[in-house]
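Residues per chain, in single letters:
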Amino acid sequence: MINFDLRGLLIPRKMTIQNLADASGVGYWTLVHMSQLTYKSIKFQDIQKICDALDITPNELFGYKERVAQ
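Quantities reported herein were computed from a predicted structural model and do not represent experimental measurements.

Participant: Mind laying out helix α3 (residues 28-35), listing which residues take part and the relevant values?
Facilitator: Listed as buried for α3 are Leu31, Val32, Met34 and Ser35. End-on view of α3: buried residues confined to an arc of 160°, all on one side of the axis. Buried-residue contacts for α3 involve β1 (2-4), α1 (6-10), α2 (17-24) and α4 (44-54).

Now the structure itself:
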């Protein structure tokens, strides 16, 4: 399962979603929906902007957790 923890990346940087919106150019509400995992799709352009603003790679933005067998 793909993991996306935007707030987990912002907290150590002492950034808010508004700070990230200002630094990246990605819309505030887009970032809110991403952080709440309520988005339906993510544009590659937005991923690049977020990574540039946080000085990270897409590998650091996304994670992967194996599903537990049920």
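Back to the text.
Participant: Can you explain the nonpolar core? Please cite residues and give values.
Facilitator: Counting residues in hydrophobic clusters, the biggest one holds 17 residues, and the most contacted among them are Leu6, Leu20, Leu31, Ile50, Leu54 and Leu61. Counting residues per element, the ones that place at least two in this core are α1, α2, α3 and α4. The greatest single-element share of this core, amounting to four residues, is contributed by α4. Discounting chain neighbours no more than four positions away, the residues touching Leu31 are Leu6, Ile17, Leu20, Ala21, Ser24, Val26 and Ile50.

Participant: Any details on the packing of aromatic side chains? Residues and values, ideally.
Facilitator: The description of an aromatic ring pair rests on the distance of the ring centres and on the angle between the ring planes. Under the definition given, this model contains three aromatic pairs. Geometrically, the ring pair formed by Phe4 and Tyr39 is edge-to-face, given 5.8 Å between the ring centres and 75° between the ring planes. Of the two residues, Phe4 is situated in strand β1 and Tyr39 in the loop between α3 and α4; the sequence distance between them amounts to 35 residues. Here Phe4 and Phe62 contribute two aromatic rings whose centre-to-centre distance is 5.2 Å and whose plane-to-plane angle is 40°, an arrangement assigned as tilted. Pair noted here: Phe4 is in strand β1 and Phe62 is in strand β2 (residues 62-64), with a separation of 58 residues, a long-range link. Linked through ring pairs, Phe4, Tyr39 and Phe62 together constitute an aromatic cluster.

Conventions used here
Each chain carries its own residue numbering, running from 1 in the direction its sequence is written. Only residues with pLDDT of 70 or above have their local features reported here, since the model is predicted, and side-chain atom pairs are shown and tallied only from 80 upward, although totals for entire chains, interfaces and linings are computed over all residues. Side-chain calculation: all heavy atoms of the structure are included, whereas hydrogens and water are not. Three exposure classes are used, based on accessible area relative to the maximum for each residue type with a 1.4 Å probe and protein chains only: buried under 20%, partly exposed in between, and exposed over 50%. By definition, any uninterrupted DSSP run of H or I lasting at least four residues is a helix, any uninterrupted run of E lasting at least two residues is a strand, and each is numbered from the N terminus. By definition, the arc is the one covered by directions from the helix axis to the C-beta atoms. The contact criterion used is simple: two residues touch if any of their non-hydrogen atoms lie within 4.5 Å. In this description, a nonpolar core means a group of buried Ala, Val, Leu, Ile, Met, Phe, Trp, Tyr and Cys residues linked to one another through side-chain atoms lying within 4.5 Å. Between the rings of Phe, Tyr and Trp (Trp by its six-membered ring), a pair exists once the centres lie within 6.5 Å; its type follows the angle of the planes, with under 30 degrees stacked, over 60 edge-to-face, and the other angles tilted.

Treat this as a map of the structure, not an account of what it does.
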